[in-house]
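Structure at a glance
The lines below spell out each chain.
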Amino acid sequence: NELSFKRRLAIKTLTEKVPDILVQLGMSNALFDISIKRVSLSMLGQDDICFLFTANKGSSLSEIKKVASGGELSRLVLAIKYVTAQSDNIPTLIFDEIDTGVSGEIASLMSDLMIKISKNSQLIAVTHLPQIAAKSDVHIKVLKKQVNDRDLIDVNILSEKDRLEEIAKLLSGKIISDAAYRNAEQLLNH
């Protein structure tokens, strides 16, 4: 009963706050709700919980797994993490490619929200998007390489010069154009 009560309180908070965050992430027509139904007691408690969502105006709420695209799911997860991070007091959060399925303007909006999260918790974001990497306080490059039939991980904190080059690579690929360098500079100075 205590778990069920706490779940209902958390659901109330999430359903009140997540939609506002989704608007900030470019989803002005999104609807979000969580249904909770009492079921027979099991190892998971006495509640059946279902996350409901739609990104489209005029569409009805459905189970997230049935209607959310990759980019919508990424933004929804970030919105939920943002709301829960405000009350959880977790010292470090790790987002492993939370930006999957988004690009450009939405990636920039997501990085702004990540900056807000990082004011209260250390945030480590694994990303391949230059819009997010450019807004970090510290840029770490992680490389996997094979040595003697073993995968080894190489981790390096990038200097400002190396950071500029890495962001330019994220923008243009292996061959870095002058335009990519200029764009990388703009992202870093934004």
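Here the structure is shown first, and the text comes after it.
Residues numbered from 1 in each chain as written. Predicted model: local features only at pLDDT ≥ 70, side-chain atom pairs only at ≥ 80, totals over all residues. Heavy atoms only, no water.

**Some points on a nonpolar patch on the surface**
- A contiguous nonpolar surface patch, about 580 Å² in accessible area, is contributed by Val138, Ile140, Val142, Ile153, Val155 and Ile157.
- Listing elements by their share of the nonpolar patch, those giving two or more residues are strand 6 (140-147) and strand 7 (150-157).
- The element contributing the most residues to the nonpolar patch is strand 7, with three residues.
- On the accessibility criterion, isoleucine 153 (54% relative accessible area) is exposed. (Patch = residues over 30% accessible without salt bridge, like charges linked within 9 Å, V, L, I, M, F, W, Y side chains within 5 Å. Areas by Shrake-Rupley, 256 points an atom, 1.4 Å probe, with all protein chains shown as cover. Salt bridge = Lys/Arg side-chain N within 4 Å of Asp/Glu carboxyl O. Helix = DSSP H or I, 4+ residues; strand = E, 2+ residues; numbered from the N terminus. Buried < 20%, exposed > 50% of the residue type's maximum accessible area, 1.4 Å probe, protein only.)

**Some words on the packing of helix 3 (residues 70-88) against helix 4 (residues 104-117)**
- Packing of helix 3 against helix 4 brings their axes to within 10 Å, and their N-to-C directions diverge by 15°. One way to sum up the angle between helix 3 and helix 4 is to call them roughly parallel. Of the two elements, helix 3 crosses helix 4, and the hand of that crossing is left-handed. Along its contact with helix 3, which presents Ser74, Arg75, Leu78, Tyr82 and Ala85, the element helix 4 presents Ile106, Met110, Leu113, Met114, Lys116 and Ile117.
- Looking at the contact of helix 3 with helix 4 residue by residue, the class counts come to eight nonpolar, one polar and two charged. (Axes fitted to C-alpha atoms, helices over the stretch in contact; angles between N-to-C directions. Parallel < 35°, antiparallel > 145°, perpendicular 65-115°, else oblique. Left-handed = near helix turned anticlockwise from the far one by under 90°. Contact = heavy atoms within 4.5 Å. Nonpolar A, V, L, I, M, F, W, Y, C, P; charged D, E, K, R; others polar.)

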